[in-house]
Amino acid sequence: MKSRFSSIVTATRNFLVSMLLWTYAGFVLFTWYVARLTPDWAVLLRVSASILNDLIWIPLGIILWSRAFMLFSGITGKSPFKSFILSFFIVTGISLFVIILPDISFKFLFIPLALTILAFIHALFTRRHGHPELVSGSILKRYVPLSLIILLTVFHYRYQMLPHRIEARSGIDIKVMSYNIYCDGGRADREKAIETIRDEGADVVCCMEFNIITDNEIFSRELGGLYPYKVLSGDPRESKSGAIILSKFPVTVEKLPDNKGNWSHRIELILAEVDMKGKKIHILNYHLKSVGHYIEYVADKKLDFKKKMDFAARNEVIFDREKYTQAKYIENLITTSSEPVILCGDLNDTPNSRAFHVLEKKYTNTFSARGWGLGATFGEERMKVKLRNKRFISFLARDVLRIDHIFVTKGMRVISAEVLSGARGSDHKPVVAVVQIK
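From a predicted model like this one, the values you see are computed outputs, not experimental measurements.

Thresholds, definitions, all that
Residues numbered from 1 in each chain as written. Predicted model: local features only at pLDDT ≥ 70, side-chain atom pairs only at ≥ 80, totals over all residues. Heavy atoms only, no water. Helix = DSSP H or I, 4+ residues; strand = E, 2+ residues; numbered from the N terminus. Contact = heavy atoms within 4.5 Å. Areas by Shrake-Rupley, 256 points an atom, 1.4 Å probe, with all protein chains shown as cover. pLDDT = per-residue confidence, 0-100. Buried < 20%, exposed > 50% of the residue type's maximum accessible area, 1.4 Å probe, protein only. Salt bridge = Lys/Arg side-chain N within 4 Å of Asp/Glu carboxyl O. Core = buried A, V, L, I, M, F, W, Y, C linked by side-chain atoms within 4.5 Å. Pairing = 2+ DSSP bridges. Axes fitted to C-alpha atoms, helices over the stretch in contact; angles between N-to-C directions. Polar contact = N/O pair within 3.5 Å; in protein donor to acceptor, adjacent residues only side chain to side chain. Expected span 1.5 Å × (residues − 1). Patch = residues over 30% accessible without salt bridge, like charges linked within 9 Å, V, L, I, M, F, W, Y side chains within 5 Å.

Next up on the list: the overall build of the protein. Within the protein, the regular secondary structure consists of 14 helices and 12 strands. Excluding contacts between residues fewer than 6 apart, the proportion of contacts in the protein whose partners are at least 24 apart in sequence is 73%. For the protein, the accessible surface area stands at approximately 22,400 Å², while carbon and sulfur atoms represent 63% of it.

Have a look at this one:
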């Protein structure tokens, strides 16, 4: 009787695990497909799928880390009940670890991933003669969907899943920073942002949401000695939405074509040329339209659900089309110059978005090439504001989206790229990259 009960418990557990894995694999494929191929009118679906696809590694992280701990816990030799209890505590603890420390758990995800692969190879070789049906059933029910999930995750993050070795350098290096300093920040926030810029000491710094009236004075006073050259852009009537390029080397603003396109309210663009030790470099400071912003209004208690969705969809379609036009404009802005081009800015979209893919056709994303970890730049501060009345939940707020990006001309060597996760003073984290100029 006890043996029969154990068999039922084991069969039920295996069935549930198999169903969950296949459902998870299907969801990964669905969000990946929808984010790339959804038609223009279904912008809410596409934006939601893009965001979900960037978060979809979290269940995989829980699965792999939990499996790694179970391999060393001796759980297989225990009774079904003890096994269930131990599994429950392991999965719960690992879930908290992944949610509270997402970047750490992701950076070292290659460890449980390698252990899972070794465990599969071991099972394949030790059981194939004694119980071949166990191996074939396990492969179909567990390893096929898990392998599919792993392959899609590795394809999505690629080089971000492993640390990079320091390589020998030749030529001239330039260190650039992209930093959205938050248009509604107060004096204390600006001082923190300035401290971050000063401590990092990049050769060129591109700031978005720069107040061209009030920020210019404090930036000149605090950073003028470090950055003697600068170019500004912005309409005094929209003073909070300006932009600035700070440089240690001579910099001159370049005139943009007259057909600038859809760069409307609170959106700025600067094209400049930096003369770095005789080398000419084009620097583009961009800030694209925010898409996904009106999704937040779904939580607004003042409107019924239908009005919320109508309101969000109407605005998101307009903004998404505007952003796509902006991305195409940037892609075609510099077509003939042989000089290197660096794009710094707030894309307001994830690496799974169509705006990102437009720029990726022509330029290399520095963090995708040489960054380690998630590289998330946005989410924590915004979530804390939204959840300020829920103390425990707000404690779990973390940066989860990578929407700030530095791109460089394809062929340029990217030495390093990182997100300064400890920076404070803005709802965005700055991105820093070191690239080589030949």
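Turning next to the confidence of the model for the protein. Across the protein, pLDDT averages 83, with 81% of residues at or above 70. When pLDDT is averaged over each element of the protein, strand E10 (residues 404-409) comes out on top at 97 and helix H14 (residues 391-395) at the bottom at 65.

Let us look at helix H9 (residues 215-223). Of all the residues in H9, the buried ones are Asp215, Asn216, Ile218, Phe219 and Leu223. Looking at the buried side of H9, the elements it contacts are helix H8 (187-200), strand E2 (204-210), strand E3 (229-233) and strand E4 (242-247).

Attention now moves to the environment of Asn285. Within the secondary structure layout, Asn285 lies in strand E7 (residues 279-287). Judged by its relative accessible area of 0%, Asn285 is buried. Residues Asn285 and Ile244, spaced 41 residues apart in sequence, show a C-alpha to C-alpha distance of 7.8 Å. Sequence-distant contacts of Asn285, defined by excluding residues within four places in its chain, comprise Cys206, Cys207, Met208, Ala243, Ile244, Ile245, Glu268, Leu269, Ile270 and Cys344.

Another aspect to go through is the pattern of salt bridges. Considering all chains together, one arrives at 13 salt bridges under this definition. Note that Arg198 and Glu222 form a salt bridge whose closest N and O atoms lie 3.2 Å from each other. Placement of the pair is Arg198 in helix H8 and Glu222 in helix H9, with a sequence separation of 24 residues. Salt bridges linked by common partners bring Arg198, Glu217, Arg221 and Glu222 together as one network.

Right, let's get into the nonpolar core. Among the nonpolar cores identified, the biggest contains 30 residues, and Ile174, Val176, Val204, Ile245, Ile283, Ile342 and Val435 are the most heavily contacted of them. Beyond its immediate chain neighbours, meaning those up to four positions away, Val176 contacts Ala202, Val204, Ile342, Cys344, Ile406, Val431, Val432 and Ala433.

In this section: the sheet that holds strand E9 (residues 363-365). Across the sheet, six strands lie side by side as E5-E6-E7-E8-E10-E9; this open sheet has mixed pairing. In this open sheet, the two strands that pair with only one neighbour each are strand E5 (251-253) and E9. Strand-to-strand, the axes of this sheet are offset by a mean angle of 25°, without reference to chain direction. Across eight bridges, strand E6 (residues 269-276) lies against E7 in antiparallel orientation. The residue bridging Leu269 from the neighbouring strand is Tyr286, located in E7.

Its location among the elements puts Asp399 in the loop between H14 and E10. Polar side-chain contacts of Asp399 include one of 3.2 Å to the backbone nitrogen of Gly379. Side-chain polar atoms of Asp399 contact the side chain of Lys429, separated by 2.8 Å. If we ignore the near neighbours within four places in the chain, the residues touching Asp399 are Ala376, Thr377, Phe378, Gly379, Glu380 and Lys429.

Between the first and last C-alpha of helix H2 (residues 43-55) there are 19 Å, a value that for 13 residues agrees with the 18 Å anticipated at 1.5 Å per step. All of the buried residues along H2 are Val43, Leu44, Arg46, Val47, Ala49, Ser50, Asn53 and Asp54.

Our focus in this paragraph is the sheet that holds strand E12 (residues 431-437). Pairing between sheet strands relies on hydrogen bonds along the backbone, with the strands arranged either parallel or antiparallel. Strand order in the open sheet formed by six strands is E3-E4-E2-E1-E12-E11, with mixed pairing between adjacent strands. Because the sheet does not close on itself, it has two edges, and the strands there are E3 and strand E11 (413-419). Pairwise comparison of adjacent strand axes, ignoring direction, gives a mean angle of 15° for this sheet. Relative to E2, H9 is tilted by about 155°, and along the sheet it contacts E2, E3 and E4.

For E6, a buried count of seven out of eight residues is recorded, marking the element as mostly surrounded by other parts of the structure. Two strands pair when backbone bridges link them, and E5 and E6 are joined in this way by three bridges, in the antiparallel orientation. Counted as the bridge partner of Val253 is Ala272 from E6. Connecting E6 to the next strand, E7, in antiparallel fashion are two residues, including Lys277 with a positive phi near 55°.

Here the focus is a nonpolar patch on the surface. A cluster of nonpolar residues, Phe27, Phe30, Leu45 and Leu52, forms a patch on the protein surface that exposes about 360 Å² of accessible area. For the nonpolar patch, the elements supplying multiple residues, two or more each, are helix H1 (2-37) and H2. Relative to the elements of secondary structure, Leu52 occurs in helix H2. In this structure Leu52 comes out as partly exposed when scored by relative accessible area, which is 37%.

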